[in-house]
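Commentary on secondary and tertiary structure
One letter stands for each residue in the lines below.
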Amino acid sequence: MSGRTKAVPFDSKEYWEDRFSHEEPFDWLLTWDSIRDHLQPYLSPSCEPILHLGCGNSLLALQMTDCGYRKIVNVDYSTCVIEKMKQRTAMTRRYDDLVWLTADCLQDLSPVRPFAGTDGCYRVAIEKSLTDCIACGDDDALSHQRAMATQIASVQPTDGLWISISFSNHREPLPPYRLIDKIPVLVPQENDKPGAPDIYYYLYILQKK
Ligand SMILES: C[S@@+](CC[C@H](N)C(=O)[O-])C[C@H]1O[C@@H](n2cnc3c(N)ncnc32)[C@H](O)[C@@H]1O
């Protein structure tokens, strides 16, 4: 056996299918509570339905619904997690307007169109750590992100917002989007030793040109 450590294959669909077959709900990076004050200025009452990409088994859409947002269209390429999230929310009437769909955000987001507004578009798309995940498998570090930008743009109007929540402190330009805000969010750390460095994750607000 080689002494090299094998990286976790975050860009592999099989990895996620296997992980979701036994994982309980889990939120990567940040929870709704820690980002909602930053995001609410971008989430006007007319922004629904909201497109939530790479939803996994995060509780984000449920917690946003508890806060008054109703129509959230949740997408992941893992059929296992989409089925589990459908079942998890089926018992509670206040989650009736949540939609759960299987689609690949790099290849084809057309399955989300029937659930969009009357113009077939979403004013707001949100993803938490999906860009981080697809960047892991990128041969030139950007082709997957560009492919996803093209797919998201195909279901957004001009001026539509793509909210990207990421551990990365850098984002390359992704046409047809321009960066309009970058918000560092201090990561709450339990049991930090005095003098331990602060850790931040980032909210990127991108707008379609
Ligand atoms: C790091 S997890 C983040 C999950 C969730 N957003 C959260 O914050 O807890 C990345 C998610 O993206 C999904 N994913 C990765 N590549 C995808 C793709 N091409 N299309 C759709 N979903 C994808 C994975 O199945 C996984 O649920």
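Along each chain, numbering runs from 1 in the same order as the chain's sequence is written. With pLDDT at 70 or above as the cut-off, local features in this predicted model cover only qualifying residues; side-chain atom pairs require 80 or more to be listed or tallied, and sums for whole chains, interfaces and linings still use all residues.

- The name given to the protein in an unreviewed UniProt entry is Methyltransferase domain-containing protein, and the organism recorded there is Absidia glauca.
- UniProt positions are given in the numbering used here, feature names are shortened, and annotations may be inferred rather than shown by experiment. Recorded in UniProt for the protein, the comment headed Sequence similarities (unreviewed entry) runs: "Belongs to the methyltransferase superfamily."

1. Notes on the overall build of the protein
- Helix and strand content of the protein: six helices and seven strands.
- Listing every helix and strand of the protein by position from the N terminus yields α-α-β-α-β-α-β-β-α-α-β-β-β.
- By principal-axis analysis of the C-alpha atoms, the protein measures approximately 55 × 40 × 35 Å.
- A buried classification covers 33% of the 209 residues belonging to the protein.
- Our contact criterion uses C-beta atoms placed from the backbone: two residues qualify when those atoms are within 7 Å. Partitioning the intrachain contacts of the protein with sequence separation of at least 6 by distance along the chain shows that 72% fall at a separation of at least 24. By definition, any uninterrupted DSSP run of H or I lasting at least four residues is a helix, any uninterrupted run of E lasting at least two residues is a strand, and each is numbered from the N terminus. Exposure criterion: with C-beta atoms placed from backbone coordinates, a residue whose C-beta has 20 or more other C-beta atoms within 10 Å is buried, one with 12 or fewer is exposed, and one in between is partly exposed.

2. Overview of the site of the ligand
- Taken together, the neighbourhood of the ligand is formed by 19 residues, with Trp-16, Gly-54, Gly-56, Ser-58 and Lys-128 sitting nearest.
- It is helix α5 (residues 130-136) that contributes the most residues to the shell around the ligand, three residues altogether.
- Charged residues are taken to be Asp, Glu, Lys and Arg, nonpolar residues to be Ala, Val, Leu, Ile, Met, Phe, Trp, Tyr, Cys and Pro, and polar residues to be all remaining types, Gly included. Considered class by class, the residues forming the shell around the ligand number 10 nonpolar, five polar and four charged. Only the C-beta atom matters for this test: placed from the backbone, it must lie within 6 Å of a molecule or strand for the residue to be near it.

3. With respect to the environment of Asp-119
- Position of Asp-119 relative to the elements: it lies in the loop between β3 (99-102) and β4 (124-128).
- In sequence terms Asp-119 and Gln-156 are 37 residues apart; their C-alpha atoms lie 9.4 Å from each other.

4. Concerning the packing of helix α1 (residues 13-22) against helix α4 (residues 79-90)
- The N-to-C vectors of α1 and α4 enclose an angle of 30°; their axes lie 8 Å apart at closest approach. Taken together, the axes of α1 and α4 are roughly parallel relative to one another. Residue-level inspection shows Glu-17, Phe-20 and Ser-21 of α1 in contact with α4, the latter providing Cys-80, Val-81 and Lys-84.
- Here the contact of α1 with α4 is built from residues that sort into three nonpolar, one polar and two charged. With axes taken as lines fitted to C-alpha atoms, and helix axes fitted only over the stretch in contact, angles between N-to-C directions fall between 0 and 180 degrees. Any angle that is under 35 degrees is reported as roughly parallel, and any over 145 degrees as roughly antiparallel; angles of 65 to 115 degrees are reported as roughly perpendicular and all others as oblique.

5. Comments concerning the environment of Thr-31
- Its place among the elements puts Thr-31 in the loop between α1 and α2 (32-39).
- Using a count of 15 C-beta atoms within 10 Å as the deciding quantity, one classes Thr-31 as partly exposed.
- Between the C-alpha atoms of Thr-31 and Ser-21, which are 10 residues apart in sequence, the distance is 22 Å.

6. Details of the pairing of strand β2 (residues 72-76)
- Taking burial as the measure, the five residues of β2 include five buried ones, the bulk of the element.
- Side chains Ile-72, Asn-74 and Asp-76 project from β2 onto one buried face, and the interleaved Val-73 and Val-75 project onto a second face that is buried too.
- If the strands point away from the viewer and the path from the first strand over the helix to the second runs clockwise, then the crossover is right-handed. On the question of chirality, the crossover connecting strand β1 (residues 50-53) to the parallel β2 by way of helix α3 (residues 60-66) is right-handed.
- Pairing geometry for β2 and β3, over four bridges, is parallel. Its bridge partner lying in β3, Val-75 is registered against Leu-101.
- What joins β2 to β3 is α4, and the crossover it makes is right-handed. Criterion used throughout: strands pair if DSSP finds at least two bridges between them.

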